[in-house]
Amino acid sequence: MNFTLKIWRQHNADSKGGFETYKVEDIPPEASFLEMLDILNEGIVRKGGDPVAFEHDCREGICGCCGLYINGHPHGGFKGTTTCQLCMRKFKNGETIVVEPWRAKPFPVIKDLMVDRSALDKIIQAGGYVSCHTGGVPDANAVLVSKHDADLAMDAASCIGCGACVAACKNASAMLFVGAKISQLELLPQGRIETEERVKKMVAKMDELGFGNCSDTRACQAVCPKKIKVTNIARMNRNYLWAKLKGKH
Amino acid sequence: MNKLNANIPDGPLSEKWTRYKSEQRLVNPSNKRKLDIIVVGTGLAGASAAASLGEMGFNVKAFCIQDSPRRAHSIAAQGGINAAKNYQNDGDSVMRLFKDTIKGGDYRAREANVYRLAELSNNIIDQCVAQGVPFAREYSGMLANRSFGGAQVSRTFYAKGQTGQQLLLGAYGALSKEINKGTVKMFTRREMMELVVVDGRARGIITRNLVTGKLERHSAHAVIIATGGYGNVFFLSTNAMSSNGSAIWQCYKKGAFFANPCFTQIHPTCIPVHGDYQSKLTLMSESLRNDGRIWVPKDEKTAELLRQGKIKASEIPENERDYYLERRYPAFGNLVPRDVASRAAKERCDAGFGVNNTGRAVFLDFKEAIERLGKDAVESRYGNLFEMYERIVDQNPYDTPMMIYPAVHYTMGGLWVDYELQTTIKGLFAAGEANFSDHGANRLGASALMQGLADGYFVLPYTIQNYLADQIAVSHISTDLQEFADAETKAQRRINMILDVKGEETADSIHKKLGHIMWEKVGMSRDEKGLKEAVAELDDLRRFFWQNIKVPDVDGVNPELEKALRVADFLEMGKLIATDALMREESCGGHFRTEHQTSDGEAMRDDENFRFVAAYEYNNEDEPRLHKEELFFESIELKNRNYKS
């Protein structure tokens, strides 16, 4: 297959970026989007150029490293699919594909298609955990968890922290990301004890780092490669409201 | 003098760890604050160690190669984690888990370490549940289990097909908690370039900042290496792209012994290779072998028709299918250990029964499971794996059997460590896949997660204190010491040498050549002739690299330079793997020498001559010195692995 690629190139955070056009030819339809970029880069390097920088690691859709804005959609907009698991057979032969980095104020560009997502780590550091220490914990079966709650918690916990939800939101909101973590821990008795403190701290940190409020468009849910639901945002809002109300008395 | 002392505590096997803990030296809280510890890598072993040591009050500096500690490749582990809880009342116990692991490793692991691992397995599950890891549950609210290869009990805990992710996020949560408290300082996007040794003790590391490209010096009273395995020496593997062997290789070159390099694990159930542009192989969890049945056609002609795409799997009647694992190993069937399942697949494909266009695939079929359990039950167990398969292969595994083939997955070898997980360099510890300690010649499924977390949560926090107890008088280590300057110069020289070649070949293209040699001649089956050829070819390829590598000389982010530096190390490491495989004139676990097999093609161990850990000391690139740590089996009888009856 042959494609024309319009790729965002930007030398570093301070420089001004712009699109550059590349042609790639004879791409096997089974190749992943990232393997197509490998082939492009191999050619660029051989000609003495600077290859396109992009983030990637596991290439099996779980590490959350990769994330490209493809034809105006995070991860290309294919349901439940990360960029690394997107195969070129999903595109039309001869198609022009536009590739950009995540666009969001809290995610500054490092180079080309790489952005700095450390803001997501900072939100987790503010309270996205159970504060137990190593050792001295009860037997695993001492606290029962209903299968229903455990399954819901697992669905929320499957977030890979890629940031597509932020990139898709017109407010650059991280509420799906934060809501998923709040929900996972709120649904389990082990985590519920700290919900009020947790939700206040994580929301405050999210605001401080420049993430916007929920846009109510559900764009985050539509693009989430792990199909995380906006009901997690609702659960977070309920916890937040309760925590704030309780805090006043 | 034998330099290798495993420092195994005295006493009966089941009391060794308890006795160690009661006799080890401790560091009091006010002194802990004065001691710095470096942890390289934030996978299960690194993150759990950094978090636990931070909680205890040490000053921890943690380093990871990705943009966030949450992305380490432990995250990709799918199937589960073993523990001897016996929640299923099916006869499990610490002793049974210990025995299964020793047997699964083909009697090439140390008894005391493995027993400790089995003992700690239960604490891990408790710890993870307390952290909010959403393990699968029964309707009763109790934890659910499933079975895995190499065991006849159901002892594997799981979180859908994303167990590694959930355990890593648990450890990442604990790590985040400590970062927030200030006990752990996190350095992301850093790659370790050199180990700094001062007066015979590990005192720091040199890292390369992957954003600025600058070299940085970091000092500590002790260094923990938890950088995972070296499977990417084969180019195509199930490892992540940035998984590399450079950190352990630099430690080796500084004097840490490298143990059992040839023990590499080929995982039987991966999506087959489909093209030479391919960058990695995708694993399909071992848990699929619980319900999936592996087969090829009985008739070679039928296989030929499949390869030509003239018939479909579903058109082949039941009586013309050869469920070869069930046929050869009636007692364990499709749940034989990984090495056995992989070799059996290769044997069928080599004999002409491969089922895809390359002839390198066998079927993994869920038809019987769907009939027995219903589609919904199968979906709830394996839904996300089926989806992943369909996304990559464009075939629906509910309707047509999966096609799978073995691929490089895990490396049992690694830095030699004693019972305390200390390497042959004082103050240098290795944890998780980076060490060699617990899996012998073959790792059982769902045991890597167990080992990584045991090392990080429950072993190192004790053993490192025993080392640091006599370091309390040593003040903060200055990075102005000559040893730091020398190490930094050495790292810079290596970078410059690569940039100065200005050849015509990319790092990937040379890495692919390396992978080809390794897979063909140092892969699933090995023989003397092939291994000798591999050693010679690797020498040639290394020369080729240093004459032809091309890396763009740009400031800041430079992924081509990162890759080239790793490939340079892999080329040297490949030779050590081949050398070790040549030395080990027996077949055991994942190491199969075709000269040493039984008449029905099973591995033939040689306990008389090879019942030892091969630990290599760096001398120069061509002549590593071999040291042997003899293995003693006092609690378990050495016998041939039998999965047939």
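Quantities reported herein were computed from a predicted structural model and do not represent experimental measurements.

To continue, consider the domain arrangement of chain A. Residues and elements named next belong to chain A. Taken as a whole, chain A is organised into domain 1 (3–111) and domain 2 (118–248). On a C-alpha basis, the centres of domain 1 and domain 2 stand 29 Å from each other. Every contact between the two is made by 17 residues of domain 1 and, on the other side, 19 residues of domain 2. Roughly 1,300 Å² is buried in total at the junction of domain 1 and domain 2, and carbon and sulfur atoms are behind 68% of that figure. Per-residue buried area on domain 1 facing domain 2 is highest for Pro 74, Pro 106 and Phe 107; these three make up 34% of the total on that side. Applying the counting rule to domain 1 against domain 2 returns zero salt bridges. For the pair domain 1 and domain 2, the interface holds three residue pairs in polar contact (both at pLDDT 80 or more). Of the residues belonging to the side of domain 1 that touches domain 2, the class tally is nine nonpolar, six polar and two charged.

Moving on to the pairing of strand S11 (residues 264–270) of chain B. All names here are of chain B. The element S11 is largely enclosed, with a buried count of seven among its seven residues. Here five bridges tie S11 to strand S15 (residues 402–411), and the two strands are oriented antiparallel to one another. Within S15, the position partnered with His 267 by the bridge is Ala 407.

In this section: the sheet that holds S11 of chain B. Residue and element names in this part refer to chain B. Spatially, five strands are ordered S11-S15-S14-S12-S13 in an open sheet, and the strand pairing comes out antiparallel. Two strands lie at the open edges of the sheet, namely S11 and strand S13 (321–322), each paired on one side alone. One ladder, built from three bridges, connects strand S12 (residues 293–297) with strand S14 (residues 362–365); its direction is antiparallel. Counterpart to Arg 293 in the pairing with S14 is Asp 365.

As a further point, take the interface of chain B and chain A. Across the contact, 74 residues belong to chain B and 69 residues belong to chain A. In this assembly, chain B packs against chain A so that about 6,100 Å² is buried in total across both faces, 53% of it on carbon and sulfur atoms. On the chain B side of the contact with chain A, Arg 71, Tyr 277 and Arg 391 of chain B bury the most area, a combined 12% of that side's loss. The salt bridge partner of Asp 139 of chain A is Lys 85 of chain B, with a shortest N-O separation of 3.0 Å. At the boundary of chain B with chain A, the tally comes to 42 residue pairs in polar contact (both at pLDDT 80 or more).

Glancing now at the nonpolar core. Of all hydrophobic cores here, the largest spans 249 residues; its most connected members are Ile 81 and Phe 135 of chain B. In terms of residues, this core owes the most to one element, helix H17 (residues 559–583) of chain B, which gives twelve residues. In this structure, Leu 5, Val 24 and Ile 27 of chain A together with Tyr 277 of chain B belong to the second largest nonpolar core, which totals 27 residues.

With that out of the way, let us pick up empty space enclosed by the protein. Over the atoms a probe the size of a water molecule is rolled, and this reveals where empty space is left. Overall, the coordinates contain 16 cavities of 30 Å³ or more when judged by the stated rule. As for the second largest cavity, its lining consists of 39 residues, and the residues nearest its centre are His 56 of chain A together with Pro 559, Glu 562, Lys 563 and Arg 566 of chain B. Sorting elements by how many residues they give to the lining of the second largest cavity places H17 of chain B first, with seven residues. In terms of residue class, the lining of the second largest cavity is built from 16 nonpolar, ten polar and 13 charged.

Definitions and limits used
Residues numbered from 1 in each chain as written. Chains lettered and ligands numbered in written order. Predicted model: local features only at pLDDT ≥ 70, side-chain atom pairs only at ≥ 80, totals over all residues. Heavy atoms only, no water. Domains from an automatic or database assignment. Contact = heavy atoms within 4.5 Å. Buried area = accessible area lost by both parts, 1.4 Å probe. Salt bridge = Lys/Arg side-chain N within 4 Å of Asp/Glu carboxyl O. Polar contact = N/O pair within 3.5 Å; in protein donor to acceptor, adjacent residues only side chain to side chain. Nonpolar A, V, L, I, M, F, W, Y, C, P; charged D, E, K, R; others polar. Buried < 20%, exposed > 50% of the residue type's maximum accessible area, 1.4 Å probe, protein only. Helix = DSSP H or I, 4+ residues; strand = E, 2+ residues; numbered from the N terminus. Pairing = 2+ DSSP bridges. Core = buried A, V, L, I, M, F, W, Y, C linked by side-chain atoms within 4.5 Å. 1 Å grid on protein atoms, 1.4 Å probe; cavity = no way out; pocket = protein on both sides within 12 Å on 5 of 7 lines; lining within 4 Å. Points joined across faces, edges and corners; volume = space filled by probe spheres on them.

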